[in-house]
Amino acid sequence: MNLMLFGAPGAGKGTQAKFLIEKYGIPQISTGDILREAVKNETEMGKEAKKYMDEGKLVPDSIIIGIIKDRLKEADCKEGFILDGFPRTIPQAEALDELLQELNISLDKVISLNVPDEDIIERITGRRVSKVTGKIYHIKFNPPVDEKEEDLYQRADDTEETVKKRLDAYHTQTAPLFDFYKNKGILVEVDGTKSVDEVTKDIINILN
Ligand code: AP5
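Asks: Please set out unusual backbone geometry residue by residue, giving values where relevant.
Replies: Peptide bonds are mostly trans, and most non-glycine residues show a negative phi. Across the junction of Phe86 and Pro87, the peptide omega takes the value -5°, indicating a cis bond. With respect to the helices, strands and loops of the structure, Pro87 is situated in the loop between strand 3 (81-84) and helix 5 (90-102). Backbone geometry at Glu42 places phi at a positive 55°, although glycine is not the residue there. In this structure, Glu42 sits in the loop between helix 2 (31-40) and helix 3 (44-54). Positive phi outside glycine occurs at Asn104, with the angle close to 60°. Summarising the element assignment, Asn104 is placed in the loop between helix 5 and strand 4 (109-114). According to the relative accessible area criterion, Asn104 is exposed, its value standing at 71%.

Structure, rendered in structure tokens:
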């Protein structure tokens, strides 16, 4: 099964991807996670990407498309994958189409997690990630049982100021992809404002 999770920053893509990995045994491909790893390791690509990420801007298409070309060819993607945070622009979506054609596969579903902007800032500024398991929590909506054990941290770009810029980038550059995939007949909308568990159930119902 080849899936894409689509939605604004903080819509719950990463949270839902973690459940889908377990349920379907296919990998999550998060361009955000790949970029953060490159930033942490101070690679040339990471240093370049950091300038954009800190500003809440999208990283240039050329960098992102290169990452995805390499990643989708890896062996663990043979049975399927979950794209999370990619594509984010029309040129990225067109490059993905070409790549999928080359690999002789197609996208089965694009799940659009619909969450209004007014919910996004609270979600993102309250997000914490476990250094131990990589799990995504929220201080109010989804707190961990044992905060100390999870060794939580806050992402560098999860400030109110940066979130506003990320939302701007989403509306101008990424939102047009909604129609791009709707026109292909593979986009399904999910109400992302429901609880984490309810959203998971809705997605699984769609996929079944
Ligand atoms: P990326 O890491 O992709 O960030 P994003 O799209 O901004 O998405 P987030 O990870 O912020 O949100 P999410 O939808 O995964 O939400 P989550 O599940 O964590 O990208 C970061 C940066 O990298 C970009 O700004 C850009 O610079 C660059 N980049 C990455 N990909 C790129 C690309 N393709 N092209 C160009 N640049 C790229 O949930 C958020 C919070 O809400 C959590 O605290 C969670 O617990 C909580 N929550 C989740 N679901 C619910 C629910 N149902 N109810 C209540 N709370 C919930």
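Asks: Could you give an account of the pairing of strand 4, with specific residues and numbers?
Replies: Two elements, strand 1 (residues 2-6) and strand 4, share 4 bridges in a ladder whose sense is parallel. Bridging across to strand 4, Phe6 finds its partner in Ser112. Strand direction decides the pairing type here: strand 4 and strand 8 (residues 187-191), joined by 5 bridges, are parallel. In the strand pairing of strand 8, Leu113 is matched with Val190.

Asks: Describe the side chain of Thr89, naming the residues involved and giving the relevant values.
Replies: Locating Thr89 in the fold gives a position in the loop between strand 3 and helix 5. With relative accessibility at 6%, the residue Thr89 sits in the buried group. Leaving out residues up to four positions away in the same chain, Thr89 has contacts with Leu58, Asp61, Gln173 and Leu177.

Asks: Which residues make up helix 5, and what values go with them?
Replies: Its 13 residues place the ends of helix 5 18 Å apart at the C-alpha level, agreeing with the 18 Å of an ideal helix rising 1.5 Å per residue. What helix 5 keeps buried is the set Gln92, Ala93, Ala95, Leu96, Leu99 and Leu100. Mapping the buried residues of helix 5 onto a view down its axis gives an arc of 160°, with all of them on the same face. Exposed side chains of helix 5 directed beyond 90 degrees from the buried face belong to Glu98, Gln101 and Glu102.

About the cut-offs
Residues numbered from 1 in each chain as written. Predicted model: local features only at pLDDT ≥ 70, side-chain atom pairs only at ≥ 80, totals over all residues. Heavy atoms only, no water. Helix = DSSP H or I, 4+ residues; strand = E, 2+ residues; numbered from the N terminus. Buried < 20%, exposed > 50% of the residue type's maximum accessible area, 1.4 Å probe, protein only. Pairing = 2+ DSSP bridges. Contact = heavy atoms within 4.5 Å. Expected span 1.5 Å × (residues − 1). Arc of directions from axis to C-beta.

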